[in-house]
Amino acid sequence: MAMKVVSSRLLVISVVLSLLLSNHHFAKANNEIGKPLITKTCTQTEFPDVCTSILESDLRSFSANLTGLPRIGLELTAAKVNETTAEAYKLLINATEYYQWSMRSACFYEYNSSVHQIYKGLEYFDQRKYHKANEVVFLVNGDIHTCSTRDVPELTGTNTLLSKFTADLQTILHQLH
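Notes on the structure in this doc start here. Computed from a predicted structure; not experimentally measured.

What the protein contains, in helices and strands, is 7 helices and 0 strands. Expressed as a percentage of its 177 residues, the buried residues of the protein come to 39%. Intrachain contacts of the protein at a sequence separation of at least 6 include 70% that bridge at least 24 residues. For the protein, the accessible surface area stands at approximately 10,400 Å², while carbon and sulfur atoms represent 61% of it.

What follows is the structure, encoded as structure tokens:
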């Protein structure tokens with residue numbers, strides 16, 4: 001009888017300790033910031049190297065929490081979309097033939113549309129409507145993909161980078177739902 005009481009108590013104690021340790025682990029993970037959080041978060045994305053390099057390019061990421069990282073990601077995307085829209089416009093006005101003009105015009109249209117969308121995504125994010133912000137990033141990713149199907153080799157690198165990062169950003173935003 002004494003053996004059953006001792007083993008029952010040991011079982012209860014081990015279960016309680018296990019729960020306490022697992023809760024401590026989750027609490028610690030939720031409070032992670034900086035490089036460990038960037039690494040942990042980006043490892044869960046499709047393009048972890050792209051995710052890591054872009055987020056680490058902004059010093060604010062090193063003090064950001066799980067909510068701060070996607071906000072920074074949205075801001076970095078907005079900046080790159082703005083920059084690429086200006087680049088696409090320059091390509092458009094310097095086109096030397098109709099075919100070139102039409103391809104560049106399509107890319108300019110897609111990026112110009114994305115500028116408004118990504119700022120709307122930032123508004124949704126600030127309102128804690130993370131699902132809506134994620135939908136916007138999905139649309140921006142689609143615009144970038146559409147441009148990448150055009151014959152505008154000058155934008156190929158940017159299209160690839162933004163396409164990968166916005167896919168990763170969707171994954172990160174999904175963690176906030």
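On to the environment of L74. Tracing the backbone shows L74 in helix 4 (residues 68–93). L74 sits 99 residues away from L173 along the chain, and the two C-alpha atoms are 9.8 Å apart. Sequence-distant contacts of L74, defined by excluding residues within four places in its chain, comprise I118, G121, L122, F125, V137 and L169.

Further remarks concern the side chain of T77. Mapped onto the fold, T77 is located in helix 4. With sequence-adjacent residues up to four places away left out, T77 is seen in contact with I118, L162, F165, T166 and L169.

Turning our attention to the packing of helix 5 (residues 98–126) against helix 6 (residues 130–148). Look at helix 5 against helix 6: their axes get within 8 Å of each other, and the N-to-C directions meet at 170 degrees. The orientation of helix 5 with respect to helix 6, classified from their angle, is roughly antiparallel. Between helix 5 and helix 6, the contacting residues are C107, E110, Y111, S113, S114, Q117, I118, G121, Y124 and F125 on the first element and Y130, K132, A133, V136, V137, L139, V140, D143, I144, T146 and C147 on the second. Its residues placed into classes, the contact of helix 5 with helix 6 shows 13 nonpolar, 5 polar and 3 charged.

In this model helix 7 (residues 156–174) runs 27 Å from its N-terminal to its C-terminal C-alpha over 19 residues, within 8% of the 27 Å that 1.5 Å per residue would give. Taken together, the buried positions of helix 7 are T158, N159, L162, F165, T166, A167, D168, L169, Q170, I172 and L173. In this fold, the buried residues of helix 7 make contact with helix 2 (34–43), helix 3 (48–56), helix 4, helix 5 and helix 6.

Calculation criteria
Residues numbered from 1 in each chain as written. Predicted model: local features only at pLDDT ≥ 70, side-chain atom pairs only at ≥ 80, totals over all residues. Heavy atoms only, no water. Helix = DSSP H or I, 4+ residues; strand = E, 2+ residues; numbered from the N terminus. Buried < 20%, exposed > 50% of the residue type's maximum accessible area, 1.4 Å probe, protein only. Contact = heavy atoms within 4.5 Å. Areas by Shrake-Rupley, 256 points an atom, 1.4 Å probe, with all protein chains shown as cover. Axes fitted to C-alpha atoms, helices over the stretch in contact; angles between N-to-C directions. Parallel < 35°, antiparallel > 145°, perpendicular 65-115°, else oblique. Nonpolar A, V, L, I, M, F, W, Y, C, P; charged D, E, K, R; others polar. Expected span 1.5 Å × (residues − 1).

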